[in-house]
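Coordinate analysis (summary)
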Amino acid sequence: MQEQAIQDIHAAETLEALQAVKTRYVGKSGLVTKELGTLGKLPPEERKARGAEINVVRAAIQAALDEKEAALKRAALDARLASEAVDVTLPGLPLPAGGLHPISRVYDDLIGIFTRMGYEVAEGPEVEEEHYNFEALNIPWYHPARELQDTFWLEDGRLLRTHTSNMQIRYMLEHEPPLKMVSRGKVYRFEATDATHEAMFHQLEGLVVGEGISMADLKGTIAEMARGLYGASAKVRFQPSYYPFVEPGADFAVYWDNPRGESKWLELGGCGMVHPNVFKAVDDLREAAGKERVYEGKTGFAFGLGPERIAMLKYGIPDIRYFYANDPRVIGQFRGEL
Ligand code: FA5
């Protein structure tokens, strides 16, 4: 039996086959195990010798099994190492370079300009309470300005913010004057789209509050931003305009002196002096949250602008919808540019 077993073990070519041989001979009901079971039937004087004999056979089979198992495992490992071998001398595959989206690049420029002027950068929610997007900004439900910013409403009564001006309220709720803040982010309007209007676009909001802040500070800040964007010769223009949350209010444009010869006034955004009703609404919210009323009597200015307008001119992109259509012919042009 020992010889047959050793032959079977040598013949096993896989670990599974070896396991079958093992079961056949030394398993619970294997041949060797059965042989041991017959010892009880022998006369006592023969048992010891016979038992010792069977144990020798079993040990020999077990040793052969162990040796073969180790050999098979080694072979399996060698095969795996050979199949997974990496030739470290092969040249690498080129990875396609990513790049920053043009809107991110314009934002980075803007944020850089304002942080150098000492502004804090704040972030806030796109899904917003009606109160922060409208009422607290002096836009009650019956106000016609609501129709200028047609709104995406959510089923729970909240909305997708129509501008980043919600951050004026949120920031003043958490911070005390004097303060300088900019905030970037997506905004949404239920509008028909065209070459210069998207239903989702971006804004940069700015807010400065302190003592004796004036319209001259606002104009100086916008002019400084324009010089940061377009160099020392940049010009700015202000035209009276109306936003419920500022008084007086203005729209501002920057003179774009562009190397392709497409110089023109670029209407960038709205601005103005923070309306006293906004300060009052913030103090009411603060009081309700157990905080001190610190805004009534303060002065400040705010502005909001669309970075898409800057990016369209800067990169010669004729239609705002190209930014978000994920067309590789547009986005691919910004590969590797960080
Ligand atoms: C506002 O959203 C005001 N919250 C701005 C403001 C802030 C005024 C603080 C005063 C004080 P307006 O709706 O005009 O204003 O939008 C501001 C800018 O966002 C526009 O000048 C334009 O650059 C951009 N914008 C507006 N609508 C769209 C649109 N549908 N697609 C792309 N850009 C837009």
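Up top is the structure these notes are about.
Not measured: the values here are computed from a predicted model. Within each chain, residues carry numbers counting from 1 in the order of the written sequence. Predicted model: local features are reported for residues with pLDDT of at least 70 only, side-chain atom pairs are reported and counted for 80 or more only, and whole-chain, interface and lining totals are derived from all residues. To get the side-chain values, all heavy atoms of the structure are used, and hydrogens and water are removed first.

**A closer look at the nonpolar core**
What makes a nonpolar core is a set of buried Ala, Val, Leu, Ile, Met, Phe, Trp, Tyr and Cys residues whose side-chain atoms join them at distances within 4.5 Å. With a 1.4 Å probe rolled over the protein chains alone, any residue whose accessible area is under 20% of its type maximum counts as buried; one over 50% counts as exposed, and the rest are partly exposed. Formed by 39 residues in total, the largest nonpolar core has its most connected members in L204, M225, F303, L305 and I310. Strands here mean DSSP runs of E at least two residues long; helices mean DSSP runs of H or I at least four residues long; both are numbered from the N terminus. Going through the elements one at a time, α5 (102-116), β5 (200-210), α9 (215-230), β7 (246-256), β8 (264-274), β9 (299-305) and α11 (307-314) are the ones with two or more residues in this core. In terms of residues, this core owes the most to one element, α5, which gives seven residues. Contacts are residue-level and defined by heavy atoms, with any inter-residue pair within 4.5 Å sufficient. In contact with M225, other than residues within four places in its own chain, are L110, I113, F114, M117, F252, L268 and L305. In terms of nonpolar packing, the next biggest core, distinct from the first, is built from 28 residues, M181, L207, V209 and V278 among them.

**As for the sheet that holds strand β6 (residues 236-241)**
Consider a sheet: its strands pair through backbone hydrogen bonds, and that pairing is either parallel or antiparallel. Here a strand pair is declared whenever DSSP counts at least two bridges between the two strands. Strand order in the open sheet made by the seven strands is β1-β4-β5-β9-β8-β7-β6, with mixed pairing throughout. Each edge of the open sheet carries a strand with a single partner, namely β1 (120-122) and β6. Strand after strand, the sheet turns through a mean of 25° between neighbouring axes, direction not considered. Pairing of β1 with strand β4 (residues 179-188), which is carried by three bridges, proceeds in the parallel orientation. Residue A122 lies in a different strand from β4, and its bridge partner there is S183. Each of β1, β4, β5 and β9 touches helix α8 (residues 166-174); the most contacted strand, β4, lies at about 140° to it. Packing against the sheet, α9 makes contact with β6, β7, β8 and β9, and its axis sits at approximately 25° to β7. Between the N-to-C directions of two axes lies an angle of 0 to 180 degrees, each axis being a line fitted to C-alpha atoms and, for a helix, fitted only over the stretch in contact.

**Focus: the site of the ligand**
By nearness alone, 25 residues border the ligand, and H163, S165, R189, E191 and E198 come closest of all. Here a nitrogen atom of the ligand sits 3.0 Å away from a polar atom, N or O, in the main chain of E198. Residues adjacent in sequence count toward polar contacts only when both atoms are side-chain atoms; beyond that, a polar contact is any pair of N or O atoms within 3.5 Å, and within protein one must be able to donate a hydrogen and the other to accept it. G306 has a polar backbone atom sitting 3.5 Å from an oxygen atom of the ligand. Reported accessibility uses the Shrake-Rupley method at a 1.4 Å probe radius. Residues are deemed covered only where the shown protein chains occlude them. Calculation on the ligand without its partners gives an accessible area of 670 Å², and the protein chains cover 91% of this total. Listing elements by their share of the shell around the ligand, those giving two or more residues are β5, β8 and β9. Per-element tally for the shell around the ligand: the top contributor is β8, with four residues. Each residue gets one of three labels, nonpolar for Ala, Val, Leu, Ile, Met, Phe, Trp, Tyr, Cys and Pro, charged for Asp, Glu, Lys and Arg, and polar for the others, Gly among them. Residue classes in the shell around the ligand are distributed as nine nonpolar, 11 polar and five charged. It suffices for a single heavy atom of a residue to lie within 4 Å of a molecule or strand for the residue to be listed as near it.

**Here's the deal with the pairing of β7**
Two faces belong to every sheet, and in a regular strand the side chains alternate between them. With six bridges connecting them, β6 and β7 associate as antiparallel partners. Note that in β7 the partner of S241 across the bridge is G249. Two successive antiparallel strands, β6 and β7, enclose a turn made up of four residues. Sheet topology note: the β7/β8 ladder contains nine bridges and is antiparallel.

**Thoughts on α8**
Taken across its nine residues, α8 has seven buried, putting it largely inside the fold. Those residues of α8 not exposed but buried are N166, M167, Q168, I169, Y171, M172 and L173.

**What to know about the environment of Y230**
Within the fold, Y230 resides in helix α9. We classify Y230 as buried; its relative accessible area is 18%. Sequence separation between Y230 and D257 is 27 residues, and the spatial gap between their C-alpha atoms is 7.5 Å. If we ignore the near neighbours within four places in the chain, the residues touching Y230 are V254, Y255, W256, L266 and I310.

**Brief notes about helix α1 (residues 2-11)**
At 3.6 residues per turn, the α-helix brings residues three or four places apart onto the same side. Buried residues of α1: A5, D8 and I9, and no others. One side of α1 carries all its buried residues, which in axial view fall inside an arc of 100°. Residues E3, Q7, H10 and A11 are exposed on α1 and point more than 90 degrees away from its buried face. Buried residues in α1 make contact with α2 (15-26) and α4 (44-83). The arc under discussion is defined with respect to the helix axis, by the directions toward the C-beta atoms.

**Regarding the pattern of salt bridges**
Salt bridges are counted wherever a side-chain nitrogen of Lys or Arg sits within 4 Å of a carboxyl oxygen of Asp or Glu. A full pass over the atoms with the stated rule returns 20 salt bridges. With a closest N to O distance of 2.8 Å, D8 and R24 form a salt bridge. Here R24 lies in helix α2 and D8 lies in helix α1, a separation of 16 residues in the sequence. Residue E69 pairs with K73 through a salt bridge whose shortest N-O separation is 3.1 Å. Highlighted residues: E69 and K73, both in helix α4, separated by four residues, approximately one helical turn. Through salt bridges that share partners, K280, D284, E287, R293 and E296 make up one connected network.

**As for the packing of aromatic side chains**
When two rings of Phe, Tyr or Trp (its six-membered ring) have centres within 6.5 Å they constitute a pair, described as stacked for plane angles under 30 degrees, edge-to-face for angles over 60, and tilted for the intermediate range. Scanning all chains against the criterion turns up 10 aromatic pairs. Taken together, a centroid distance of 5.5 Å and an interplanar angle of 85° make the contact between W141 and Y142 edge-to-face. Owing to a relative accessible area of 58%, Y142 belongs among the exposed residues under this scheme. Linked through ring pairs, F114, Y119 and F303 together constitute an aromatic cluster. We count a charge as sitting over a ring when the NZ of a lysine or the CZ of an arginine lies within 6 Å of the ring centre and within 35 degrees of the ring normal. Of note, R184 hangs over the ring of Y107, and the distance from its end group to the ring centre comes to 5.4 Å. Taking the ring centre of Y255 as reference, the NZ or CZ of K235 above it sits at 4.5 Å.

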